[in-house]
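A closer look at the structure
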Amino acid sequence: MSITGPAGSPPHDPRRLVTRARRWADLDPDPATAQELISLIDAVQAADAPLDELICLFDGRLQFGTAGMRGPLGPGPRRMNVLVAVQTAAGISRVLLEDVDTAARCRVVIGRDARHGSDAIAAAMADTFQSHGIDVECFDGPVPTPLVATSVVRSGAAAGIVVTASHNPGTDNGIKVFWSDGAQIGRASCRERVSNCV
């Protein structure tokens, strides 16, 4: 049996979807979102929750828009969470190491706001950049977005990251990306390359 996803999306095989969701939960380094997803999977399998709730979390993934990505906090690739942030940082690392001769010797500057989850997302991204051989400079606490862009230029960093969802609701979070010139990742081709590396 397959079930049609929301808004005309392709049909979903419930067993494959559950298997994919369990794999995601196994990979998720955040125990809170991993447990939230496992609880939803169990509820769907017990027919205590509709399959559509799981489909909404796995029907695609968050995409780069203007300057970055943002979305509701929660488990799965269609929500903002630590695993999505780790995958995004890995994609940015790959692009930097392909394009910037000195990326491994330069830093990525990371700042965050005071939203729920921003500190964990920023820390996970820092760890991911470092695992790719890229040095990281993190601000100690919440900072305004322009301070990160300015710091990128002044320090000669390869890129900057701000964990924020700006004016979005408090239940959202996001990632803004700045290149070495302090400008937001604006060109569609750059956003596409990072997305393809995730």
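Rules and cut-offs
- Residues numbered from 1 in each chain as written.
- Predicted model: local features only at pLDDT ≥ 70, side-chain atom pairs only at ≥ 80, totals over all residues.
- Heavy atoms only, no water.
- Salt bridge = Lys/Arg side-chain N within 4 Å of Asp/Glu carboxyl O.
- Helix = DSSP H or I, 4+ residues; strand = E, 2+ residues; numbered from the N terminus.
- Buried < 20%, exposed > 50% of the residue type's maximum accessible area, 1.4 Å probe, protein only.
- Pairing = 2+ DSSP bridges.
- Right-handed = clockwise from strand over helix to strand, strands pointing away.
- Phe/Tyr/Trp six-rings, centres within 6.5 Å; stacked < 30°, edge-to-face > 60°.

**Focus on the pattern of salt bridges**
- Inspection of every chain in the model, using the stated rule, returns three salt bridges.
- The residue R22 makes a salt bridge to D42 at a minimum N-O spacing of 3.0 Å. Of the two residues, R22 sits in helix α1 (residues 14–27) while D42 sits in helix α2 (residues 31–45), which places them 20 residues apart along the sequence.
- For R22, a relative accessible area of 31% gives the class partly exposed.
- Its salt-bridge partner being D113, residue R115 comes within 3.3 Å of it at the nearest N-O pair.
- Of the residues examined, R115 reaches a relative accessible area of 15% and is grouped as buried.

**Examining the pairing of strand β7 (residues 172–179)**
- In terms of residue burial, β7 counts as a mostly covered element, since eight of its eight residues are buried.
- Residues D172, G174, K176 and F178 point to one face of β7 and N173, I175, V177 and W179 to the other, with burial holding for every one of them.
- Both strand β3 (residues 68–72) and β7 contribute to a ladder of five bridges, which runs antiparallel. For G68, the partnering residue across the bridge sits in β7 and is K176.
- Bridge analysis of strand β6 (residues 159–163) against β7 gives five bridges, and the strand direction is antiparallel. From the neighbouring strand, G160 faces β7, where its bridge partner is F178.

**Side note on the pairing of strand β5 (residues 135–138)**
- Relative to β5, strand β4 (residues 107–112) is paired through four bridges, and the arrangement is parallel. Bridge pairing in β5 places R107 opposite D135.
- A crossover connection joins β4 to the parallel β5 through helix α5 (residues 118–131); in handedness this β-α-β unit is right-handed.

**Digging into the packing of aromatic side chains**
- Inspection of the entire model under this criterion finds one aromatic pair.
- Taking 6.1 Å as the distance between ring centres and 90° as the angle between the ring planes, the aromatic pair formed by W24 and F58 counts as edge-to-face. You can see W24 sitting in helix α1 and its partner F58 sitting in helix α3 (residues 51–58), a full 34 residues away along the chain. Just as W24 is buried, F58 falls in that class too.

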